[in-house]
Each structure stands twice: as structure tokens, then as C-alpha cells.
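# Close look at the chain arrangement
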Amino acid sequence: MKRLSLFTICLIILVGSWVFLRFVVGGVISVPIPSSVIGMYMGLIIIAILVHISVEDSRFREFLRPVHETLIDDKRRIRRRVIAVLIPIFLLGYTYSIIAQRANPPGSPRDAHPSPPLELTYKDAVIGTMQDVVNPFRHYEKDDPEAFKAHVENGRRVYHQNCFPCHGDHLDGQGHFAPYLQPLPANFQDPGIIPNFQESFFFWRIAKGGPGLPAAGTPWDSAMPIWEDYLTKDEIWDVILFLSDYTGYQPRTFGEAH
Amino acid sequence: MRNRNVVSLLMLVLGMLCVLMLAHAQNAPEASEKGKEVYENSCAHCHGVEGRGDGSAAENLLPKPRDFTRGLYKIRSTESGQLPTDQDLFDIITEGMPGSSMPPWDTALSADDRWEVVAYIKTFYDGFKESETPPRAISLEDKIPYAEESVEIGKGLYVDLGCVECHGNVGRGDGTSAPTLTDEWGFQTWPANLAQGWNYRGGADTEDIFKRFIGGIAGSPMPAFEGDSFLHFGLTAEESKRLSELENKDEMTEAEEEESGKFYEKMDAAVDIALNRAEGMELSAAEQQTYDNAMKVVYEKSWHLANYVKSLTPEKRPESAIGNNVLRSQYVQGALPPMDDAAWETLQSGYFPVVGQVVIEPRQFNPTIDSVNVKSFYNDTEVAFLFTWDDRTQTIGDETDETTGKTLEDALAIQFPVKVPQGPTAPKPYFLWGGRLPVYLWHWKASAPEQVTELTAKGINNAEAQEAQGELQTQSIYKDGQYKLWVKRALKTDDKKDLQLEPGVFVPIAFSAWDGANGDVDTKRVMSSWYAFVLEPVPSSKRFIYPPLIAILSVGFLFGLRAFVQRRNSEEV
């Protein structure tokens, strides 16, 4: 078998890497890589190839030899003509597809967890500072498990009469209305949600809903209702207990300084 | 030698695994503490701790969560009056019931947990323990494959068997008796909209549909095709055809009277046998034969009917990812097509699902409208829209809500911002009829079908009709369970409260819809979050200039390169 020329090997490496990144990693293993990142990897591979072929004069000449041959050698006439047709056709199609592409609506950046205000309020009455307010029923967990259970059960009721169409029976943000809302309802089973915030933060998000988000909370699409209009303060605290009890995640607390 | 040991060990393990899997696939384990725990944690909030379908969520829901204490299960692979198999129960838990609030539990619960729940659910109804024989499965053996011919036969049966009465002429669930139906428990229930296969509770494969015919949908008004709930039960296809002919005659001769009398006798006998069988009586060989013959006809007709029903719905729910489905208005030269113009057929519909408004009281937890479908054309001065949506009942403002006294009627509202947000970080108005930022609305009501009112709103309860009503042309029609609304407006108006349209600019668009017969009024409605609308620009003529230019340049480059290499080569030599 004839040995592959250096040029062909480089071409195979280049195309092979792209296919690997785009279709094997992105498709078969299904970890899609953004096209900009693929572009960066491909850039690095091209630089590596250029370095490799230009280290020695002779190697560089060997690399260019098939190119030379294709361009001027009469034995390579057919290949030359095929390439002379294929390259312009490819460019024609590629530029056409770019120009004729339909525009897509502008995406909006989104801050999923915007900063809360300094003070926590319920229907305009101040409860306390965001940092200091704790769930008034949380202490029952240690002091009075029976009472705690009653509050969790009440929270379960509140949740299933109000929240589950969107946030789901399993609290995983997959309620039957969820697929048609943007942004998607919060997934409380996600380990990045409950443990990262204090209970006062949840109270704020529940009480004020989508309309209560600060200016940074663009794009203002959240379907989260202003629950302080419909739920009592205690019901909101109970539902927060239920969220952490059901998922097993503890909201963040700031323990006493030692 | 060692190799063989390894192989036989492997075989043994594999064999055991197979046996275990088979055992698992057929029967749920004995009810256990684990099943109770999973049930109480994941199911009880709807189905109730004691399985009565009275959990805390139930009061807001319709269809109601199933009451397990009566052993009535809608989705079964078993014959009429039979209990479901364990696999049936497992499948429903796994896949959920589309179109209702029963979600699929495939990711939230492990397969083991789901089997435990199956076992636990069965404890709510003693019939499971008492039944000694396994439930009789519906045979799928003689399936008639999907074909135009079969669909045609099915179409005839759809009328003959009386499906039209509930499911309507073309299957949108808009039959005359649709608004009057209740289930075993007395709750209102709507016949399925057969044009929306993605909402069939038990799946939309032909086999699924067929099983619903033969087994019925227990607890609902949908009958099983057996006995007197099936037209001409006991007659062959030919006999049935003949009897229909006779029945359609204004007057029968004596001979014909006699002939039809014989048919009735035959039918009565078959119906009696079916009743006896359903009650568990032993059938004699002759009776069994009569029954089998009757059911053979039922099975055959049911396959044809299943094929017809299958033909009524698209294969899949239309693509509906928010952000991806954009309403693109197509440019045309000259006048825009009116509502019934064939030009609309050339456009693909934008599919915009809606959900119940559960934000502001009064709320709608049980929507009956699935989606709004929209097409649009524009020209140099105007834009026209064609909105279609399925609604089982036409309510035109002659009914009032019993509790609020408000007038109930069907309606649609199309929502735009007054000003298009500039740039990706500019906020849109609140999706529920605006807030700090106002929205511009077109409000159509079934009581004034040729009129669209322009509204400005700063909140769902804060909408006002504009003083200066623009010249919106409107046409609408209600037919076979579907509304069509056609609206035309100028791209630009003089009114500052109106949205101004320009080709190529993406405009947020959202919908609200009201089904009067479902109690929708004011905030109780279905609605969507923001989608995008654009007057699709006429494709740039640049697409015919640049690509050829680049192709020609590349040819020139290749030639130049060749000439360059040739020259250098000859110099080197």
C-alpha cells in the first residue's frame, strides 16, 4: 500500500478532529460543544499542524509536494479539475446559506437569582432584614417534631393547591403547565437551588413573584405570581418548610459566630 | 475447562436475570410499607391518603384524580368490566396521562418504587384480592393495518355508531351532548378532542385507540363496544347493513317487517349472552359461539374505526418550544387574502400552546383550550392574521356564571407591547396584560363576531378600550368545534397607543383565550407567555450577488495560484 502523504495525513487529522468534536462528542456522547469552542479547538489543531510541518524545510516541502503536483503536474489533471469545480461550488452554497438565513428573535440574558432587597416585607409591612429573618417555624424541627410535622403538612397542602401545576408533583419544575412557560419554573430537586439560599430569600421570591423582581431580573417573563396577595405569611413559611422537607435539602443558614 | 465454568456461570446469572425480569414485568410485589411510603409522598396529595381521589389538590382539578376504591380504571389492556393488569397500572404511572394533571413518573420514581405503588394502589379495592382468574386481555391479533380503505370504512362507522354525538362531526369533541356529560362520580367530563392525539390519555397508537373501544374507558361516558352499547351487536356486517337499509325506509312491507324482526331477535339474544358473560356466568358452547361471532364483527369494525380516529390527529404535537416557534408573517404583493381564501392553505400554522391562568384569582386550573394556531400575511401597508383554536362549545354570551353572575362567552385576545423593547436587555411588559409597561391588545368576543376592540392594559384587571378605535377588519366563524378569526390592520397607524409594525423587527406576542362553557371569564382563562412575531423581510437580493461573486473570485484565486507555482517552478529549474 502506498504511504499516505503528509498533506493527506494533516487533512485527515483536521477533518477527523472536527467530526469527532461535532458528531462523536456532540452527538454520540451527547455533550454538545458550542460552535465557538469547537472553533477554538480547531484553531489550536491548525497551529499545531503548522508548527509540525514548518519545523524543517524538507518537511515543509514534502507537505507542499502534493499541492504542487495537483496544481501543475499533468498526471493530476483530473484531480485538479474536480477541485477547481468543487471549491467554488462549496463557497457559493456556503455564502448563500449565510445570506439567506432567516433572522431569529433576539435572546435575552437572564439573571436567574437576582439580588434581593435589603429588607424583607410582606404586603408592605417590614418583617426584618433579609440577612436576619429566619423561618419562625423552623425551630420546631428540634423543639417540637409534632408541630413541625403539622406545618410541613400544611405546606404540602398549600403547595398542591397552588404551586404544582408549574413546579410539578415531584417539585422538579416539571408540572403539566411548565413546558409552555419561559423561563421554566424552578426545579427544587436541583441541588443548586435550596442549599444556596436562605429561607428569607425564598420568602421574598414567593411573596413578590415575577413582578417583584428587581430591574436586573430581565426579561420579565416569569409567570411566578405575587403570592402575598393570596397566601398568608404563615402559609408561605410552611410551604418553604415543605420544599426542604420533601427534597431533603436544607436552606442555607448563617450559623452563630464561634 | 475454566473457561467453560465461567461461561456456564454467566449463563446461569443471565438466566436468573431473565427470570427475575419476566416475573417483574408481570406482577407487582406484595403491598409493602415501601409502597405506602412512596404513595403517601408522591400520590396522596391528589388521590388522597385512602385512595378516594380526594387529596388536597383535587378540589382544583378536572378531570378529577382517580378514586381507587371502586376499581374503575380508564386505561386498560383488558376487556370491558375487567380489572387492569399490573402492567397497565405500571404503564400509566410511568407515562402519566397527557392532557390531565397526572404527570409521567418515569424520572421521579425508580421502576421498583413504581411497582411498589402498583401493589399499594391495589389494596384500595378488594376486587383485586378476590378475583381468582387474571383479567381477560383484549386480543390485538387480527389488527387491520392502517390504509385509506380502512379509514374510509371507519369514517362511516364513526357516524353509524353515534361517535358524532359526543366527539362531533370531525372529532373535535364538540358533539351536541358534549357539554352535558358527567362521569361515574358526577363530575363534568369532556369528550376527547380527537384532533389532538397528544392529549389522548392512554396514548395515540392505533392499538391504544382500539383498546379504548373494546375495553371502554371505565368511569367515563365512553362505552365499551359490547352488547347493547354497540350498534347491531350480534349481526354480521351484511345483516347490519341490511337492517340499516330497512330502518331508513319510510314504510316497510310485511315481509320486511318480518325480516327486521328476525334481526332484532338475533340481536337481543346476543346482547343477553354478553350480559350473562359480563356477570361471570358460564356460557354454553352454542352461546359462546354466538358471542364470539358477534365480537368478531365488533373487533373488525373497531380496527377500522381506530384507523379513522388515527387519521384525525397529527402524528406528533406540533413543535412548541418557546423562543423557537416564531410567528413569521409572509410578504405578498397586492391585496391580502380574506378569511376563506385558499392562499392561507399554503402557509404553515404557528402553534402556540396556552396554559391555565393560575396566577390571579379567579384562576383556571383546568383549561379546555390547548393552543392557538396562527398564520399571517402582510403587504406594503397592511397585515392580516388568521387565528384558529379548538373550542368544544360555542358560547355567545347568553349564559351567566352561577356564582359570579357574569356573562360567559368565548373570546380571544392577542397581546403586543405598545412599544417594541429595544435591545436584548430592555424589559418586556409583564406577560399577563402588562404592568408598569403597558400592552396593546386586540380583544375579540363571540357575542360580536365581526368586531375586534383595541385595548390598552397595565395589568390583568386594568384594561381599557382605546378611545380611538382603529380600522381593524374582522371576520370570524365557528364550525365543528373550531373558531377561525381573521383580523387585518394597517402596519402603521396615527394612534400613539397602537403598536407600529415594521418588517424585520421582532415583536413579542402573547394570547389569552376564554371558553365560556368551561366557566372562563375575566382572569379565569387560558393564556400564553410571550412568543415572537415578525414580518418576515423579503429575502435580500444580495443573495444573488455575493455568492456568485465569491465563487468567481475563488476560481480566479486557484488559477492565480497555479500560475504562480508554475512560474516559480520554471525559475527554480
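Just above sits the structure.
Attention in this report is confined to the structure presented alongside it.

Cut-offs applied
Throughout, residues of each chain are indexed from 1 in the direction in which the sequence is written. The order in which chains are written sets their letters, starting at A; the order in which ligands are written sets their numbers, starting at 1. Confidence filtering applies because this is a predicted model: local features only for residues at pLDDT of at least 70, side-chain atom pairs given and counted only at 80 or more, and all residues used for totals across whole chains, interfaces and linings. Where side-chain values are given, they derive from all heavy atoms of the structure, hydrogens and water being excluded. In this text, helices come from DSSP runs of H or I with a minimum length of four residues, and strands from runs of E with a minimum of two, each type numbered from the N-terminal end. For every residue, the accessible area obtained with a 1.4 Å probe (protein chains only) is divided by the maximum for its type, and the residue is called buried under 20%, exposed over 50%, and partly exposed between those limits. Here a cavity denotes grid points, spaced 1 Å and computed from the protein atoms alone, that fit a 1.4 Å probe unable to get out, and a pocket denotes an open set having protein on both sides within 12 Å along at least 5 of 7 lines; residues with an atom within 4 Å of a point are the lining. Grid points are joined across faces, edges and corners, and a volume is the space filled by probe spheres set on the points. As a working rule, the residues Ala, Val, Leu, Ile, Met, Phe, Trp, Tyr, Cys and Pro are called nonpolar, Asp, Glu, Lys and Arg charged, and the rest polar, with Gly in that last group. Every residue pair with non-hydrogen atoms within 4.5 Å of one another is taken to be in contact. N or O atoms within 3.5 Å of each other form a polar contact, as long as, within protein, one can give a hydrogen and the other can take it, and as long as residues adjacent in sequence are counted only when both atoms are side-chain atoms.

Turning to unusual backbone geometry, a few remarks are in order. Going from Leu62(B) to Pro63(B), the amide bond is cis rather than trans, its omega being 0°. Checked against the element boundaries, Pro63(B) lands in the loop between α3 (44–47) and α4 (86–95). Unusually for a residue other than glycine, Lys123(A) sits at a positive phi of about 45°. The residue Lys123(A) is located in the loop between β1 (119–122) and β2 (125–129) in this model. The exposure class assigned to Lys123(A) is partly exposed, which follows from its relative accessible area of 46%. A positive phi angle, close to 50°, is found at Asp480(B), a residue other than glycine. If you trace the backbone, Asp480(B) turns up in the loop between β12 (473–479) and β13 (482–490). The buried category is assigned to Asp480(B), whose relative accessible area is 19%.

As a volume, the second largest pocket reaches approximately 1200 Å³. Taken together, 36 residues form the lining of the second largest pocket, with Phe7(A), Pro66(A), Val67(A), Thr70(A) and Ile83(A) sitting closest to its centre. Of all elements in the fold, only α1 (6–28), α3 (57–72) and α4 (77–99) of chain A together with α13 (546–572) of chain B reach the threshold of two or more residues within the lining of the second largest pocket. Among the elements that line the lining of the second largest pocket, the one with the most residues is α13(B), at 11 residues. Classifying every residue of the lining of the second largest pocket by side-chain character gives 18 nonpolar, six polar and 12 charged.

Tallying the contact residues gives 61 residues for chain B and 49 residues for chain A. Connecting chain B to chain A are 10 residue pairs in polar contact (both at pLDDT 80 or more). Sorting the residues of the side of chain B that touches chain A by element identifies α2 (33–42), α3, β1 (326–331), β3 (355–356) and α13 of chain B as the ones contributing at least two each. The biggest single contributor to the side of chain B that touches chain A is α13(B), with 14 residues. Taken together, the residues of the side of chain B that touches chain A break down into 32 nonpolar, 16 polar and 13 charged.

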